[in-house]
Amino acid sequence: MAHIIVVGNEKGGSGKSTTSMHVATALARMGHRVGALDLDVRQRSFGRYLENRAHFLTREGLDLPTPHLGVLVEGPDPLSPALTELEQDCDFILLDCPGSHTRLSQMAHTLADTLITPMNDSFVDFDLLARMSPEGKVLGPSIYAEMVWAARQMRAQAGAGPIDWLVLRNRLGTQAMHNKRKVGGALASLSKRIGFRVAPGFSERVIFRELFPRGLTLLDLRDIGTEQLSMSNIAARQELRDLIAALNLPGVVVDF
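Residues numbered from 1 in each chain as written. Predicted model: local features only at pLDDT ≥ 70, side-chain atom pairs only at ≥ 80, totals over all residues. Heavy atoms only, no water.

## Notes on helix 9 (residues 231-247)
For helix 9, spanning 17 residues, the distance from its first C-alpha to its last is 25 Å, which sits close to the expected 24 Å at 1.5 Å a residue. Residues of helix 9 that are buried include every one of N233, A236, R237, E239, L240, L243, I244, A246 and L247, and no others. Count one or two residues on from helix 9 and you reach N248, which has phi positive near 55°. (Helix = DSSP H or I, 4+ residues; strand = E, 2+ residues; numbered from the N terminus. Expected span 1.5 Å × (residues − 1). Buried < 20%, exposed > 50% of the residue type's maximum accessible area, 1.4 Å probe, protein only.)

## Some points on the packing of aromatic side chains
Summed over the entire model, instances satisfying the criterion amount to 4 aromatic pairs. A centroid spacing of 5.0 Å and a plane angle of 70° characterise the contact between Y49 and F212, whose relative ring orientation is edge-to-face. Taken together, the positions of Y49 in helix 2 (residues 45-60) and F212 in the loop between helix 8 (206-211) and helix 9 put the pair 163 residues apart, joining distant regions of the chain. A relative accessible area of 2% places Y49 in the buried class. (Phe/Tyr/Trp six-rings, centres within 6.5 Å; stacked < 30°, edge-to-face > 60°.)

## Side note on the sheet that holds strand 1 (residues 3-7)
Pairing in this open sheet of 7 strands is parallel, and the strands run 3-2-4-1-5-8-9 from one edge to the other. Looking along the sheet, the strands with just one partner apiece sit at the ends: strand 3 (68-69) and strand 9 (197-200). Relative to strand 8 (residues 164-170), strand 5 (residues 114-120) runs parallel, the two sharing 7 bridges. Each residue of the ladder has a partner; that of T117, found in strand 8, is V167. Across the sheet, helix 6 (residues 143-157) touches strand 5 and strand 8, and the angle it forms with strand 8 is around 155°. Running over the sheet, helix 9 touches strand 5, strand 8 and strand 9 and is turned about 160° from strand 8. (Pairing = 2+ DSSP bridges. Contact = heavy atoms within 4.5 Å. Axes fitted to C-alpha atoms, helices over the stretch in contact; angles between N-to-C directions.)

Have a look at this one:
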């Protein structure tokens, strides 16, 4: 069966679609068969990203490795038929969840072999994972963390494997080092309590906003004639390389 990767976070603006697109496309470029589903039926940022890619490649006459975008069906369970169709031909299926609690998102978390939760690297977004006191003490897990716990329980009851939960520290800034260390320390402590791993994600870079309209990723730049990569782009490629390695996905050897 396909390995299911879920990108979930109940807050918007954390870089979910950028993370989804770069992980899915990186796996496709490494020779894996990758399916994709956008579960945010209103915003559809991930779906539009992949559609932009298809249009750009057709217009430019290019053939670049691309995840296959599945289609949700109508009905009480739109997810299962879409997954069944993708699983026939895919090694990995990536599900991008909306930035809010929905039934689709809840279902997706129970199916996750790997769960990626991007969060902005600040205490403003820390309450995604835990409730905090004004003094900075952890009071308990957040509603989202409790949903992940419930998903783990359901998988255990069904005899499925555990969820490997990775929290990404996105938009790591070069300033405010004291705050960065405090967030890192709080995450390290919390990870032991509620069971996730922590990894650095993507820094804030203009290039990500420029890539979306053409449906491109950092790994495509040389293929479209961008021979000289800036130092920022090279650093961003290394961030992606580190992320794929941190995921520790079955059968994946980072070779870009």
